[in-house]
Amino acid sequence: MKNTIAERIFDFLKDYPPFNLISKETLLDVSKSVEIQYFEKDQIIFNQNDTPHEHFYIIYEGAVRLYRFVDNQKHNLDICDEGDLFGLRPLIMQENYLMGAAANEETILYGVPIQLFNSIILNYPKVSQFLIASFATNTRDPFSEKHKGKLFANITSINKVENSFTETQSAKYSKNPITCSLNTTIKEACMIMTSKIINSIIVAENHIPIGIITDKDIRTKIGTGLFTIYDDVSKIMTSPVVTFPENLTVAEAQIALLKHKVSHICITKDGTDQSELVGILAEHDLNISQTNNPMFLVREIKSAQDAETLKYIRSKASELTKGYLEQEIPIYFITKVITEINIAITKRIIRLAVKELGQDPPVKYAWLAMGSQGRSEQLLMTDQDNALVFENVNDEDYENVKAYFTKFATLITQKLNIVGFEYCPANIMASNPKWCLSLKEWKAQFKDWVKFPTSDKILLSIIFFDFEYIFGDKELYNQMSESVFRYISKKQTFLGFLSKATLDNPPPLGFFKQFLVEQDGENKDHFDIKSRAIRPLVDAARIFSLHHGITVNNTIARYEKLMEIESQNKDLFESCANAFKILLQFRTSQGLANNDSGKFVDINNLSKSDRLKLKSCFKPIKNIQDSLKLRFNVSQIP
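Model, not experiment: these values are computed from the prediction.

1. A short note on the overall build of the chain
Scanning the chain from terminus to terminus reveals 23 helices and 20 strands. Sorting the 638 residues of the chain into buried and exposed places 51% on the buried side. Long-range contacts, defined here as pairs at least 24 residues apart, represent 69% of the contacts in the chain between residues at least 6 apart. When the accessible surface of the chain is totalled, it reaches about 30,800 Å², and 48% of it is carbon and sulfur.

Encoded structure:
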């Protein structure tokens, strides 16, 4: 007779990794052994530090939240939904659960026996590779087209930033490893571990690591009576030790722990077990580091219940930025990371605003970011620039719909302000009725800016051209974007007005090659790095991109596209991209050091090398501005 339940389980599992990597016959055997379990909302599946179950789980229906207690505070790490697998790693490592799991809603789980799956791991190399890659990168499916071949991608290239955030994060470890000698008794070693409040001790000779003893060794080898506390540590130590050099990353550490099935790694001078011991890294250290990486922050954001919590999380993102700069991580990678965090915060605020209003939006809408956030360049807590577009409605419904979205947007901008994103001084925010319009109104507004380019309208359009979709109905954004580029292609003379506005901005250097600084006000004698250096490069990239119909917003991405399209001007565009990276990194460092926007730089406090570095960026600015003058006939613009 057919096993109908097993066939249904088979039909479900075959679509999800790693079950899609094994043969039909093997998967059917697995399906016959699966245990179906039901959990009510908030019901605990397992607790942190519990002994592992005999099964790991895949979610058939519902959702499961994973959480961890760190310093007695509960942190939600992730929300798993249909097809997600969890609870496997502790079974493979034969250790207690490192986190807890609870049903986030009514949930049905398929429990897969670990004993059955162990043989699959041994017989199917792709399954083993999948598990190691997914554990190391926190990626649902590291073999998907999106992640294929990019487990250790080169992050310096704009086209190779798909890799996991943890791949470039340095692993933090204890630089004061506690050691003992070979002839130390187990009792003496335990007394040292107790007094130092540590769960492992390195056995070393002449600072060379020979072996390691952990709490687990004491439980399994002493507590069971296999050895006595008066035996030498050599009797129960694990040898040889797993070693790595000092500059290992989180991903490398995770893979090493999994591959060798250990809980500790010895850090040595040259990475071998024949060189001097300089540190010890425990799996616990990696767990702690996870609380300060982007993936963890985004998970915290998703579960935040108020703007004050989001403010705290965003402050940790600033610490992350500072750490990345100290590690000399490429600035483009840093902007990608912080942009994702900023987007996650905005999305969460929008959801909280809907909940607070107690009424769903009456029609489709899209929330748009502009300015530095729209360009994915908002590394510091600068002011807001945003807008909202809602779908066209009948005249009789318009007032009510507009009133809802104005109130909605006001609530969002208020919460963004609490997080730390200041209100826009020019009121270019969706809470302003002029920046909260229907699709039809936005199209008309844009055509008016282009057709009658007064100085005020040019400035508004410059900000508008960097608009980027954040949340809501993306089709509304797509229609806006298509309309903009279609209209610009017919009105190329408008780019001349944009160029003139850009060139009206004072140059970075004066006639005598001195920095042009502010002459009065609170920033007197300071250099405006944003207006005089960064903005000209941003504006030029935007104008050339509009000329060619390039739809990307990011300044570096725009210059790289321009290098492809205008190969004859590749050197010019590449020099501009490099100058922009240096300036953005410099401004970010200044802002973090002074706890401000980094806009104004005290030239007198800069070192000679920093002054020269800044000045080296100014030649590309002059060259790109000269190119704008010629290309768009600025001299002919009234």
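2. So, helix α17 (residues 474-490)
One turn of the α-helix equals 3.6 residues, which is why residues spaced by three or four share an orientation. Taking 1.5 Å per residue, 17 residues should reach 24 Å; α17 reaches 25 Å between its end C-alpha atoms and fits that length. All of the buried residues in α17 are Leu476, Tyr477, Met480, Ser481, Ser483, Val484, Phe485, Tyr487 and Ile488.

3. Points about the nonpolar core
Within the largest apolar cluster, 116 residues are counted, with the highest numbers of intra-cluster contacts made by Ile341, Trp367, Phe405, Phe408, Phe464 and Tyr559. At 15 residues, the largest contribution of residues to this core is made by helix α12 (residues 331-357). By size, the runner-up hydrophobic cluster in this structure holds 21 residues, among which are Phe10, Leu13, Phe19 and Val127.

4. What to know about the sheet that holds strand β11 (residues 208-214)
With respect to topology, 3 strands assemble into an open sheet ordered β9-β10-β11, the strand pairing being mixed. Pairing within the sheet leaves two strands with one partner each, and these edge strands are β9 (179-180) and β11. Note: strand β10 (residues 200-205) against β11, 6 bridges, orientation antiparallel. Residue pairing across strands places Val203 opposite Gly211, the latter belonging to β11. Lying over the sheet, helix α6 (residues 186-196) contacts β10 and β11, oriented at roughly 125 degrees with respect to β10.

5. Let's talk about the pattern of salt bridges
In the structure shown here, the tally under the stated rule is 16 salt bridges. Where Asp217 meets Lys221, a salt bridge forms, and the shortest distance between an N and an O atom there is 3.4 Å. You can see Asp217 and its partner Lys221 sitting in helix α7 (residues 215-222), 4 residues apart, about one turn around the helix. Where Glu300 meets Lys316, a salt bridge forms, and the shortest distance between an N and an O atom there is 3.0 Å. Highlighted residues: Glu300 in helix α10 (residues 294-303) and Lys316 in helix α11 (residues 307-326), separated in sequence by 16 residues.

6. A short note on the sheet that holds strand β7 (residues 100-103)
Pairing is antiparallel across the open sheet formed by 4 strands, whose spatial order is β2-β7-β4-β5. In the strand order of this sheet, the two ends are held by β2 (44-46) and β5 (73-80), each with one partner. On average, adjacent strands in this sheet sit at an angle of 30 degrees to one another, irrespective of strand direction. Bridge count between strand β4 (residues 64-70) and β5: 7 bridges; the pairing is antiparallel. Following the sheet pairing, Leu66 is matched in β5 by Asp78.

7. With respect to the confidence of the model for the chain
Mean pLDDT for the chain: 84, with 89% of residues reaching 70 or above. In this model, residues 136-168 is a region of pLDDT below 50 whose contacts with residues beyond four sequence positions or in other chains number 80 contacts.

8. Examining the side chain of Asp466
Among the secondary structure elements, Asp466 is positioned in the loop between α16 (455-464) and β18 (468-472). A distance of 2.7 Å separates a polar atom in the side chain of Asp466 from a polar atom in the side chain of Arg542. A polar side-chain atom of Asp466 sits 3.0 Å from a polar atom in the side chain of Arg558. Each residue touching Asp466, except ones within four places of it in the same chain, is listed here: Ala369, Met370, Gly371, Gly374, Arg375, Arg542, Asn553 and Arg558.

9. Considerations on the pairing of strand β3 (residues 55-61)
β3 sits mainly inside the fold: 5 of its 7 residues count as buried. Relative to strand β6 (residues 85-86), β3 runs antiparallel, the two sharing 2 bridges. Looking at β6, one finds that Tyr57 is bridged to Phe86.

10. Observations concerning the environment of Asn123
Here Asn123 shows up in helix α4 (residues 114-123). Asn123 sits in the exposed class, given a relative accessible area of 57%. Expressed as a C-alpha distance, the spacing of Asn123 and Ile22, which sit 101 residues apart in the sequence, is 9.4 Å.

11. Let's talk about the packing of helix α19 (residues 529-548) against helix α21 (residues 570-594)
For any two helices packed against each other, the geometry comes down to the angle between their axes and how far apart the axes lie. Running from N to C, α19 and α21 point in directions that differ by 140 degrees, and their axes come no closer than 10 Å. One way to sum up the angle between α19 and α21 is to call them oblique. The two elements α19 and α21 cross, and the hand of that crossing is left-handed. Facing α19, whose interface residues are Ile529, Lys530, Ala533, Ile534, Leu537, Val538 and Phe544, α21 presents Phe573, Cys576, Ala579, Phe580, Leu583, Leu584, Phe586 and Arg587. Across the contact of α19 with α21, the residue classes break down as 13 nonpolar, no polar and 2 charged.

12. Here's the deal with α12
With 27 residues, α12 extends 39 Å between its outermost C-alpha atoms, agreeing within 8% with the 39 Å of an ideal straight helix rising 1.5 Å per residue. Most of α12 sits out of view: 20 of its 27 residues are buried. Directly beyond the C-terminal end of α12, a positive phi value near 70 degrees is found at Gly358.

13. Details of the packing of helix α15 (residues 439-451) against α17
Where α15 meets α17, the axes come as close as 10 Å, and the angle between the chain directions of the two elements is 20 degrees. Relative to α17, the element α15 lies roughly parallel. As α15 runs across α17, the sense of the crossing is right-handed. For the pair α15 and α17, contact is made by Leu439, Trp442, Lys443, Phe446, Lys447, Val450 and Lys451 and by Leu476, Gln479, Met480, Ser483, Val484, Tyr487 and Ile488, respectively.

14. Observations regarding the environment of Ala189
Among the secondary structure elements, Ala189 is positioned in helix α6. The spacing of Ala189 and Ser200 is 11 residues in sequence and 9.3 Å in space, taken between C-alpha atoms. In this structure Ala189 touches Thr184, Ile201 and Val233, once residues within four positions along its chain are discounted.

The rules we used
Residues numbered from 1 in each chain as written. Predicted model: local features only at pLDDT ≥ 70, side-chain atom pairs only at ≥ 80, totals over all residues. Heavy atoms only, no water. Helix = DSSP H or I, 4+ residues; strand = E, 2+ residues; numbered from the N terminus. Buried < 20%, exposed > 50% of the residue type's maximum accessible area, 1.4 Å probe, protein only. Contact = heavy atoms within 4.5 Å. Areas by Shrake-Rupley, 256 points an atom, 1.4 Å probe, with all protein chains shown as cover. Expected span 1.5 Å × (residues − 1). Core = buried A, V, L, I, M, F, W, Y, C linked by side-chain atoms within 4.5 Å. Pairing = 2+ DSSP bridges. Axes fitted to C-alpha atoms, helices over the stretch in contact; angles between N-to-C directions. Salt bridge = Lys/Arg side-chain N within 4 Å of Asp/Glu carboxyl O. pLDDT = per-residue confidence, 0-100. Polar contact = N/O pair within 3.5 Å; in protein donor to acceptor, adjacent residues only side chain to side chain. Parallel < 35°, antiparallel > 145°, perpendicular 65-115°, else oblique. Left-handed = near helix turned anticlockwise from the far one by under 90°. Nonpolar A, V, L, I, M, F, W, Y, C, P; charged D, E, K, R; others polar.

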